[in-house]
Amino acid sequence: MAVSRGHGGPRLRQRNQQNQQPDLDYEQVQDDEHVDELYLNPRSRSHIEQVLETPRASAIVVGVLTALAFALRFFKINHPDQVVFDEVHFGKFASHYIQREYYFDVHPPLAKLLFGLAGWFVGFDGKFKFENIGDSYSENHVPYVGMRALPAIMGSLTIPVVYAIMKEVGYSTVVAAFSASLILFDNAHVAQTRLILLDAALIFFLSLTMYAYVRFKKLRYREFTTEWWTWLILTGTFMACAWASKVNGILTVVCIGIAVLIDLWEILDYRRGYTMEHFWRHFTARAIGLILWPFVLYLTFFYIHFAVLTHTGTGDTFMSPQFQETLIGNELLMNSQEIRYFDIITIRHKDTKVFLHSHPDKYPLKYDDGRISSQGQQVTGYGHNDTNNNWQIVPTKALPETGRGRIVRHNDIIQLLHVNTQTYLLTHDVASPLLPTNQEFTTWPKDDPSRHNDTLFHLELTEGESSEGWKTKSGHFRLIHVPTRVSLWTRTQQLPEWAFKQQDINGNKNPSEKSAIWFADEVIEDADPRDILHRTGGGKGREPKSMNFFKKFAELQLLMLQHNAGLTASHPYASGPINWPFLLSGISFWTQNDDQKQIYLIGNMVSWWACVVALSIYIGILGADLLARRRNMNPLEDPIRNRLWNSAGFFMIVWGVHYLPFFLFSRQLFVHHYLPSHLASAMVAGAVFSFILSDEVNYPVSIRGANTRPKPKRYADLGLKGPVIYIGFVIVMFFLYAYISPLTYGTPGLDGEQVNARRLLSSWTLHFAGKTTYGVEIPE
């Protein structure tokens, strides 16, 4: 158990209950600004500590660290001159911005906008589309180094920000350098931040958010001053940038939210003597700076996103027809036509793109599972154009001879006549061939009115308003059976040979099923051929429609959430969160067979395992402190305790919030999702490093207000052992960094024996590894 050491040596303090002042004791425990004893004169510190704590020495240290960060991240940044890993996505999105072509992605747009801006700045024309991993940049004249430079700059600048955070919360130069070095010499951070990937922006803005919030908290005795407001607004700004860079940036918002709730909870405490009016002033200020302003900024990034992407692109089909018709050149905008009764049309499923199809063949009397069918005409989904895909729209109400009264509209009751067999589409209470819980779709002869009601369907346009006309391409709809309320539905499931392995069509008993969406592909034949050329909705010169920004924003946000949750397919390099802190597996980013080169994302084991040990020690210290205090003992001085709980506790919140939620996710997960948490754990490691080596802390760190009485200062002193241990640790860490750097930089190539030597854990799935057979090393 850690003990406090004053001038009298090690001791355990026990509270004097008789003379204790509750309010004063409360303030001492909760606020590191209320200590009245003088513990250490600054001149009594070791000489090396005094030298390192000067502004000049600190500037030199952070300058060296920053220069090394740039050197390590820009070293051979032109290699490989090929598309690497997810550059296939994020490089492509940058090209879409330059070409102004709409795309869809699960991540918010800020980091990708910056990549597009960087590409434009270095002369990229956007014509190269990053189609496949391994595609050559050089052969296609892509200025990829300039685009990779952006994340490399962000990754490099993260190092001085980490250093500054540690200094601002009161840690010594050596401790700040220790935390920064854990990120500086980490292979995973270097590999991830020298490619066109999103994590560099996320981690950079996360670190800036932490720095701004620390600066804001240090001004708590100068509340509502210009400087206080500045750092509050900057916290919200950087937080919004982290949120807008990558989807899991929302966890940064949660971190600050937790810290603010703790802060407000303390202000609310009556023992602090604040009025409710004072509390509500603080609440309102934080609501403006950390909720309203970040949300406005987040919206602004999407506004820019929509303003840039004005042309049709690869993302059109993800969006609603109304959204698509706002894009220049979109097929729905250019070719959609109003549909009128007695038109002959083809109908396609939105998700699987199969045509609604029928043919004279019948369902078998008996299925393989013993169930009996209706032996009706088969209705299937067919992937190719065919005359058996043609259906005529038959009205169930009186129509005028001509004019717009013949337009098919939202909420109309219709019949669909299969043209080739002259039978009506029908569904009934008979189980479908593959799903006993769903209804069979078949057809019924046109001339037999006995089952007229079973051929009636309700046309429900997905974005339909009262009396809105149905259009080809853009008029997405559900077809709901009137008597039974089932939806026409399909999925990617083939029927047996008796249906020519075409796709199963059935009736889903959920009338609002999300995947039961169809659209009319085209009008094959019109009742009045002379009229089709004059219908509204088509024409090459048609101007894009307008759509409310907030509707577009809400639609895109919902799709982002749905598709992100849907990323559940297996991946050979996916891994679970429990593996990440221990580096049990990495990710293969890129390989080149001829020279046996590869980029394998894996961290520096010295750095990562040191952080794991530090997290364990930190939890142990707090646990021991809590147990001791339950027994009425004070093993720690209040300033030391408050530094552990408040400063290191903030880092611990950042670590936990960016790590623990991943245990709840069912989507694909990779080790790079742990990088934000690793950043925070490096700061926790610095706090533990300081706690172990120094009996004191630099105190106070908050800026004194006009009405705050001066506090006696105390100083941490790591002595000579601090720099010596730090230098030794950095040497070991750099040695391991250099040893596995061929996996980080993708050069030089390694033979099987060299690859095996760098497989520090058997769970690392490296390429070109050799295996030993009867003492002979042979490549796998």
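Quantities reported herein were computed from a predicted structural model and do not represent experimental measurements. (Residues numbered from 1 in each chain as written. Predicted model: local features only at pLDDT ≥ 70, side-chain atom pairs only at ≥ 80, totals over all residues. Heavy atoms only, no water.)

Let's shift gears to the overall build of the protein. The secondary structure content of the protein amounts to 21 helices and 20 strands. When the backbone C-alpha atoms are referred to their principal axes, the protein occupies close to 105 × 75 × 55 Å. Looking at the protein as shown, the accessible area adds up to about 33700 Å², and 58% of this sits on carbon and sulfur atoms. For the protein, the separation between the mean place of its 71 positive charges and that of its 72 negative charges on side chains is 6 Å. (Helix = DSSP H or I, 4+ residues; strand = E, 2+ residues; numbered from the N terminus. Areas by Shrake-Rupley, 256 points an atom, 1.4 Å probe, with all protein chains shown as cover. Lys, Arg positive; Asp, Glu negative; His and termini not counted. Charge placed at Lys NZ, Arg CZ, Asp CG, Glu CD.)

Quick look at helix 17 (residues 638-659) now. Between the first and last C-alpha of helix 17 there are 30 Å, a value that for 22 residues agrees with the 32 Å anticipated at 1.5 Å per step. A bend of about 40° at Gly649 is the largest found in helix 17. Burial within helix 17 is extensive, with 19 of its 22 residues counted as buried. (Expected span 1.5 Å × (residues − 1). Bend = angle between axes of the 7 residues up to and from the residue. Buried < 20%, exposed > 50% of the residue type's maximum accessible area, 1.4 Å probe, protein only.)

Once that is clear, we can look at the packing of helix 6 (residues 144-168) against helix 7 (residues 173-184). One way to put it is that helix 6 packs onto helix 7 with a least axis distance of 8 Å and a crossing angle of 150°. For the element pair helix 6 / helix 7, the angle class is roughly antiparallel. Regarding helix 6 and helix 7, the two cross each other, and that crossing is right-handed. Within the contact between the two elements, helix 6 uses Ile159, Val162, Tyr163, Met166 and Lys167 and helix 7 uses Thr173, Val175, Ala176, Ala177, Ser179, Ala180, Ile183 and Leu184. Tallied by class, residues from the contact of helix 6 with helix 7 come to ten nonpolar, two polar and one charged. (Axes fitted to C-alpha atoms, helices over the stretch in contact; angles between N-to-C directions. Parallel < 35°, antiparallel > 145°, perpendicular 65-115°, else oblique. Left-handed = near helix turned anticlockwise from the far one by under 90°. Contact = heavy atoms within 4.5 Å. Nonpolar A, V, L, I, M, F, W, Y, C, P; charged D, E, K, R; others polar.)

A separate point is the packing of aromatic side chains. Inspection of every chain in the model, using the stated rule, returns 51 aromatic pairs. A ring pair is formed by Phe441 and Phe457, whose centres lie 5.9 Å apart and whose planes are at 20°; its orientation type is stacked. With Phe441 in strand 10 (residues 439-445) and Phe457 in strand 11 (residues 457-461), this pair connects stretches of sequence that are 16 residues apart. Note on Phe735 and Tyr739: the rings are 6.3 Å apart at their centroids and 10° apart in plane angle, and the pair reads as stacked. (Phe/Tyr/Trp six-rings, centres within 6.5 Å; stacked < 30°, edge-to-face > 60°.)

Time to look at the pairing of strand 11. In terms of burial, strand 11 is a largely internal element, four of the five residues being buried. Two elements, strand 8 (residues 413-418) and strand 11, share two bridges in a ladder whose sense is antiparallel. From the neighbouring strand, Ile413 faces strand 11, where its bridge partner is His458. Looking at chain direction, strand 11 and strand 12 (residues 477-481) are connected through five bridges and run antiparallel. Residue Leu461 lies in a different strand from strand 12, and its bridge partner there is Phe477. (Pairing = 2+ DSSP bridges.)

In this section: helix 4 (residues 87-99). Here helix 4 spans 17 Å end to end across 13 residues, near enough to the 18 Å set by a 1.5 Å rise per residue. In terms of residue burial, helix 4 counts as a mostly covered element, since ten of its 13 residues are buried. Glu87, Val88, Phe90, Gly91, Lys92, Phe93, Ala94, Ser95, His96 and Tyr97 are the residues of helix 4 that are buried. Packing partners of the buried residues in helix 4 comprise helix 5 (110-121), helix 6 and helix 12 (276-308). One or two residues past the end of helix 4 sits Arg100, with phi positive at roughly 65°.

Once that is clear, we can look at the pattern of salt bridges. Any two side chains of opposite charge can pair if their charged atoms end up close together. Within the structure shown, the criterion is met by 26 salt bridges. Its salt-bridge partner being Asp263, residue Arg286 comes within 2.6 Å of it at the nearest N-O pair. Residue Arg286 is found in helix 12, and its partner Asp263 is found in helix 11 (residues 250-268); the two are separated by 23 residues along the sequence. Residue class for Asp263 comes out buried when judged on its relative accessible area of 7%. Across the pair Glu696 and Arg714 runs a salt bridge whose closest N-O atoms are separated by 2.3 Å. Here Glu696, found in the loop between helix 18 (675-693) and helix 19 (721-739), pairs with Arg714, found in the loop between helix 18 and helix 19; they are 18 residues apart in sequence, far enough to count as distant. (Salt bridge = Lys/Arg side-chain N within 4 Å of Asp/Glu carboxyl O.)

Counting 169 residues, the largest nonpolar core has Leu65, Phe205, Phe589, Phe650 and Phe651 as the members making the most contacts within it. In terms of residue count, helix 9 (residues 199-218) provides more of this core than any other element does, 14 residues in total. When near neighbours in sequence (up to four residues on either side) are disregarded, Phe650 contacts Met210, Tyr213, Val214, Ile256, Ala259 and Trp645. Listed in part, the 26 residues of the second largest apolar core include Ile347, Leu416, Phe477 and Leu479. (Core = buried A, V, L, I, M, F, W, Y, C linked by side-chain atoms within 4.5 Å.)

Across the protein, pLDDT averages 90, with 92% of residues at or above 70. Note on residues 1-39: pLDDT under 50 across the span, and 87 contacts to partners over four residues away in sequence or across chains. (pLDDT = per-residue confidence, 0-100.)

Another aspect to go through is a nonpolar patch on the surface. A cluster of nonpolar side chains, contributed by Trp265, Leu268, Met276, Trp280 and Phe283, occupies part of the molecular surface with about 570 Å² of accessible area. Elements supplying a minimum of two residues to the nonpolar patch: helix 11 and helix 12. Broken down by element, the residue count for the nonpolar patch peaks at three residues, all from helix 12. Along the chain, the position of Phe283 falls in helix 12. (Patch = residues over 30% accessible without salt bridge, like charges linked within 9 Å, V, L, I, M, F, W, Y side chains within 5 Å.)

Below, the discussion takes up the packing of helix 11 against helix 12. As a packed pair, helix 11 and helix 12 sit with axes 10 Å apart at the nearest point and diverge in direction by 170°. Here helix 11 lies roughly antiparallel to helix 12, going by the angle between them. When helix 11 is examined against helix 12, the residues Ile256, Val260, Asp263, Leu264, Ile267 and Leu268 are found in contact with a partner set consisting of Met276, His278, Phe279, His282, Phe283, Arg286 and Leu290. Considering only residue class, the contact of helix 11 with helix 12 consists of nine nonpolar, two polar and two charged.

Tracing the backbone shows Ser320 in the loop between helix 12 and helix 13 (321-324). Look at Ser320 and you get buried, because its relative accessible area is 10%.

So, on to unusual backbone geometry. Cis rather than trans, the peptide bond between His79 and Pro80 has omega equal to -5°. As for its placement among the helices and strands, Pro80 is situated in the loop between helix 3 (55-74) and helix 4. In this chain, Thr747 is followed by Pro748 through a cis amide linkage whose omega measures -5°. Mapped onto the fold, Pro748 is located in the loop between helix 20 (741-745) and helix 21 (752-758). The residue Phe224 is not glycine, and still its phi comes out positive at about 65°. Counting through the fold element by element, Phe224 comes out in the loop between helix 9 and helix 10 (226-245). Residue classification places Phe224 among the buried positions, given a relative accessible area of 18%. Phi angles above zero are rare outside glycine, and Lys473 is one such case at about 65°. Of note, Lys473 is situated in the loop between strand 11 and strand 12.

Below, the discussion takes up the environment of Gly649. Inspection of the secondary structure assignment puts Gly649 in helix 17. Given a relative accessible area of 10%, Gly649 falls into the buried group. Distance in space between the C-alpha atoms of Gly649 and Tyr618 is 9.4 Å, their sequence separation being 31 residues. Apart from the residues within four sequence positions on either side, Gly649 is in contact with Tyr618 and Leu644.

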